[in-house]
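# Commentary on secondary and tertiary structure
As a plain string of letters, each chain reads:
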Amino acid sequence: MKNLLRNMSPALPPAQIRETLRASGGAAAGLCACAMFALAWPTIAGVPIALLAPLGASAVLVFAVPNSPLAQPWSAIGGNAVSAMAAVAVLQTAPLAWGPPLAVAAAITAMMFARALHPPGGAIALLAALDPAPILDAGFTFALAPVSVLTAALVLAGILYNRTTGRKYPFRQSVQTPMQTQEIRLGLSNDELEELLQRFRQATNIGVADLGRLLAAAEEEAAQHRFEGVTCGSIMTQNLITVLPDTPVTQVAKLFRDHSIKCLPVVDAKGIFVGLILQNDLIDALMRDGGRKFHPARAAKLMAKNVMLPPVGTVPHDLPVGALLNRLAAQGVQTVPITNEGRLVGILTRSDIIGLLLQGAQNRVAV
């Protein structure tokens, strides 16, 4: 009984005053937009335009949970529209006594197949079945006006209001291209994230992109705990050997040979990081015929700026080390330039991370 009572308790976290006011104010603004539209165009295609009660439920989704898949424009407009069409089809073919349950069932089926699940669509279908006479007179035009027209007005108001108040709506849709490393660092594809949602039956509650963001944030938080807030600047290699963009490649090669380094940062006269030279890139630039023969004439003309990689992948010196684990491990990156206001201040390598991991290892008891 105790567990049953606990399961019947509120599942949502305590309300935040600011978010509550934002959502309720948005719902009021959205329905006002619908009412103004109905006043401006009292009829469309001969059908009178009047507010529908299920629009209140749509407003709750669009303004209170704008990141939910159930609240997205396709779900809202498409879900209400196909539900209205399903209800009309049922009323035209089935006995009126069976209209309400069959209309709702047909609406759910239509929304699922259209990938436009929107709970107020069931209310649209039920409302139509409870008062079938005007719906039968309007026919399938009912799905266009007032249902689709007013839902579209509500969604448009939701887009404007949510973005104005700092909420993303519509939310980020998943794509087949790789996710941005800085935003989602899990190394999981969209298909794998979607499979997780399907496995736990959460596909209708959260989108793929938002799941990735939540998991990435959790991963980053765990990594920061693991390294106790250690920043890149505290373990990076400093006192770097650098070259200018106009440094001859022959001198670059000599630095690689004399100092046994794997990379060579390129900076301008003010110390601003402008590129990175890796050993492989230097060798490729000096060879010809597919890398089988040294090309001395080419070496005499090349400078550092001709063989360096662009200054991408830099991170600030105060970034937590945990944020770079996926880049250095799963993505195969060997070196990460560390900057402070654009100026190169150090280099972070896999060896630096390994050294951090091994700190105090000699004092640990073997298990």
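Throughout what follows, the structure given in this document is the object of discussion. Since this is a predicted model, take the numbers as computed values, not measurements.

If you walk across this open sheet you meet the three strands as β7-β8-β9, and the pairing is mixed. Strand pairing shows two members of the sheet lacking a second neighbour, β7 (315-316) and β9 (343-349), which therefore form its edges. Two elements, β7 and strand β8 (residues 335-340), share two bridges in a ladder whose sense is parallel. Residue pairing for β8: Pro316 is matched across the bridge by Thr339.

Pairing of strand β3 (residues 263-267) with strand β4 (residues 273-278), which is carried by five bridges, proceeds in the antiparallel orientation. In the strand pairing of β4, Val266 is matched with Gly275.

Listing the buried residues of helix α12 (residues 249-259) in full gives Val249, Val252, Leu255 and Phe256. The buried residues of α12 occupy one face: seen down the axis, they fall within an arc of 110 degrees. Immediately beyond the C-terminal end of α12, within one or two residues, lies Ser260, with a positive phi of roughly 50 degrees.

With that out of the way, let us pick up the packing of helix α4 (residues 73-93) against helix α6 (residues 120-130). In the contact formed by α4 and α6, the axes pass within 8 Å of each other and the chain directions differ by 30 degrees. Taken together, the axes of α4 and α6 are roughly parallel relative to one another. Every pair of crossing elements has a handedness; the one defined by α4 and α6 is right-handed. Contacts between α4 and α6 involve Gly79, Asn80, Ser83, Ala84, Ala87 and Leu91 from the former and Pro120, Gly121, Gly122, Ile124, Ala125, Ala128 and Ala129 from the latter. Residues belonging to the contact of α4 with α6 are distributed by class as follows: eight nonpolar, five polar and no charged.

What follows is about the packing of aromatic side chains. Tallied over the entire structure, the rule returns two aromatic pairs. Centroid distance Phe37 to Trp41: 4.7 Å. Interplanar angle 40 degrees. Geometry classified as tilted. Classification of Trp41 by relative accessible area gives partly exposed; the value is 47%. Ring centres of Phe63 and Tyr161 lie 5.8 Å apart, and the angle between their planes is 70 degrees; this geometry places the pair in the edge-to-face category. Of this pair, Phe63 sits in helix α3 (residues 54-64) while Tyr161 sits in helix α8 (residues 141-164), placing them 98 residues apart in sequence.

Within the secondary structure, Ser58 sits in helix α3. Ignoring anything within four residues of it in the chain, the contact list for Ser58 reads Asn80, His118, Pro120 and Leu154.

Membership of the largest hydrophobic core comes to 34 residues, with the highest contact counts inside it found for Phe63 and Phe142. Among the elements that make up this core, the one with the highest residue count is α8 (10 residues).

Here we take up the pattern of salt bridges. This structure, assessed with the given rule, holds six salt bridges. Where Asp258 meets Lys254, a salt bridge forms, and the shortest distance between an N and an O atom there is 2.7 Å. Placement of the pair is Asp258 and Lys254 together in helix α12, with a separation of four residues, close to one helical turn. Judged by relative accessible area, Asp258 falls into the partly exposed class, the value being 40%. When its relative accessible area of 44% is taken as the criterion, Lys254 is described as partly exposed. Within this structure, Glu19, Arg22 and Arg167 form a network of salt bridges that share partners.

So, on to the environment of Ile261. With respect to the helices, strands and loops of the structure, Ile261 is situated in the loop between α12 and β3. The class for Ile261 is buried, based on a relative accessible area of 18%. Separated by 18 residues in sequence, Ile261 and Gln279 have C-alpha atoms that sit 8.5 Å apart. Apart from the residues lying within four places of it in its own chain, the contact partners of Ile261 are Leu255, Phe256 and Gln279.

Conventions we followed
- Residues numbered from 1 in each chain as written.
- Predicted model: local features only at pLDDT ≥ 70, side-chain atom pairs only at ≥ 80, totals over all residues.
- Heavy atoms only, no water.
- Pairing = 2+ DSSP bridges.
- Helix = DSSP H or I, 4+ residues; strand = E, 2+ residues; numbered from the N terminus.
- Buried < 20%, exposed > 50% of the residue type's maximum accessible area, 1.4 Å probe, protein only.
- Arc of directions from axis to C-beta.
- Axes fitted to C-alpha atoms, helices over the stretch in contact; angles between N-to-C directions.
- Parallel < 35°, antiparallel > 145°, perpendicular 65-115°, else oblique.
- Left-handed = near helix turned anticlockwise from the far one by under 90°.
- Contact = heavy atoms within 4.5 Å.
- Nonpolar A, V, L, I, M, F, W, Y, C, P; charged D, E, K, R; others polar.
- Phe/Tyr/Trp six-rings, centres within 6.5 Å; stacked < 30°, edge-to-face > 60°.
- Core = buried A, V, L, I, M, F, W, Y, C linked by side-chain atoms within 4.5 Å.
- Salt bridge = Lys/Arg side-chain N within 4 Å of Asp/Glu carboxyl O.

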